[in-house]
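Fold and contact review
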Amino acid sequence: MLVTGRALVMDWSDQGGMLVRRLGMAAVGAALAWIIHLCLMRVARQRLALRVTAAFTACIPAALLFAALNSFVFYRWFPVPSVLPDLARWEEGAVLRTAVADGFVTWYFFFAAWAAFLLALGVVGEVRMAERARGEAEAAARDARLAMLRLQVDPHFLFNALNALSSMVACGETKAAGAMIRDLAAFFRTGLVEDPAADVNLADEVEFQRLYLAIEQARYGERLRVAVDVPAKLHAVKLPSLLLQPLIENAVKHGLGGTTAPVLIKVRAWQDGAMLHLNVTDCSHGRLAMPDARRPSTGIGLANVRARLAARFGPTATLTARPIQDGWSSTITLPLEPEAGRG
């Protein structure tokens, strides 16, 4: 359009024939640009430097092919009358090479500019997706915080905790009562002050769950046993706060609710290559009170964990929950940070 407009202003001849050829070459240019786009799509997940290199490299053959076709279309295959006097010189190879070389320099910058614009659009899209994912992660964290606050002010939970504390005091178990008061204070302080959108160390997350289980142990006594196996080298690993809370709640609620026998709740963490595995298992060897009592709900709690994992880590993080012999097992798998897991 620009070249044709310039030609009309300057009153060049044969513009009708030239316009048809320009439209044909414009279609060729669009096809080459689409091929460059497909090449960039293949490296869309690579580093930006690699994508830039791929884009500008792909422009080289595209510009060379376009320059050669442009020279042959206008001056060799379909010449217009105004260029007929120049055709005799095309028998000389040097003239053809010069025309193609000049065209290559001109058209390479056209393709490179378009590729740079396409890359810029891609980067803007990635930034927006990252901001959207961050917003979803923060919203999911806020939902988890609200669920935690509901748990903390749950009258049933508070009644049982205070009732167990009252029984300890009445029986003269002042040492145990003092320990439970400290656990309750630490539990509420952590739950109310901790920023749910911020990452926490795995050690801090496990310690918070230990406080919760200590309070429940005061209620259930010898019926609830706890085992924690988290290697020291993983203590500094970062993960979303309160990620284990729904799994621990399910283990207490459905594990102890389905049997009168003692229940062992295990919290484990281990590293497998670049992935971190967090497992919560409840297991008992007693008779179930009801046939379906040991089947944990897959409702709000597990759905919340899956939503937070998807918003934060995408498809690389998963939650699997399944029955095992005499119990239930839930495992979170998420990617480790590059520096995590080092001793």
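Here the structure is a predicted model, which means the values were calculated and not measured.

Digging into helix 7 (residues 202–220)
- The terminal C-alpha atoms of helix 7, which comprises 19 residues, lie 26 Å apart, in line with the 27 Å expected from a rise of 1.5 Å per residue.
- Within helix 7 the residues assigned to the buried category are Leu202, Glu205, Val206, Phe208, Gln209, Leu211, Tyr212, Leu213, Ala214, Ile215 and Glu216.
- Remark: glycine 221 follows helix 7 within two positions and exhibits a positive phi of approximately 65 degrees.

A few points about the environment of asparagine 70
- Among the structural elements, asparagine 70 can be located in helix 3 (residues 48–77).
- In this structure asparagine 70 comes out as buried when scored by relative accessible area, which is 17%.

Quick look at the state of the cysteines
- In this structure the tally under the stated criterion is 0 disulfides.
- Considering cysteine sulfurs only, cysteine 59 is the nearest to cysteine 39, which forms no disulfide, with 9.7 Å between them.

Brief notes about the sheet that holds strand 6 (residues 318–324)
- Taken together, the 5 strands give an open sheet; going across it, the order is 2-4-5-7-6, and neighbouring strands pair in mixed fashion. Strands with a single pairing partner mark the edges of an open sheet, and in this sheet they are strand 2 (224–229) and strand 6. Taken over all neighbouring pairs, the strand axes of this sheet differ in orientation by 15 degrees on average, direction set aside.
- Summarising the sheet, strand 5 (residues 275–283) and strand 7 (residues 327–335) pair through 9 bridges and their orientation is antiparallel. Within strand 7, the position partnered with cysteine 283 by the bridge is glycine 327.
- Contacts from helix 7 reach strand 2, strand 4 (263–272) and strand 5, with the element oriented near 165 degrees to strand 2.

Thoughts on the packing of helix 7 against helix 8 (residues 245–257)
- Look at helix 7 against helix 8: their axes get within 10 Å of each other, and the N-to-C directions meet at 20 degrees. As the angle between them shows, helix 7 and helix 8 are arranged roughly parallel. Of the two possible hands of crossing, helix 7 and helix 8 adopt the one that is right-handed. Note on element contacts: helix 8 touches helix 7 through Gln245, Ile248, Glu249, Val252 and Leu256, opposite Glu205, Phe208, Gln209, Tyr212, Leu213, Glu216 and Tyr220.
- A per-class count over the contact of helix 7 with helix 8 returns 7 nonpolar, 2 polar and 3 charged.

Definitions and limits used
Residues numbered from 1 in each chain as written. Predicted model: local features only at pLDDT ≥ 70, side-chain atom pairs only at ≥ 80, totals over all residues. Heavy atoms only, no water. Helix = DSSP H or I, 4+ residues; strand = E, 2+ residues; numbered from the N terminus. Expected span 1.5 Å × (residues − 1). Buried < 20%, exposed > 50% of the residue type's maximum accessible area, 1.4 Å probe, protein only. Disulfide = S-S within 2.5 Å. Pairing = 2+ DSSP bridges. Axes fitted to C-alpha atoms, helices over the stretch in contact; angles between N-to-C directions. Contact = heavy atoms within 4.5 Å. Parallel < 35°, antiparallel > 145°, perpendicular 65-115°, else oblique. Left-handed = near helix turned anticlockwise from the far one by under 90°. Nonpolar A, V, L, I, M, F, W, Y, C, P; charged D, E, K, R; others polar.

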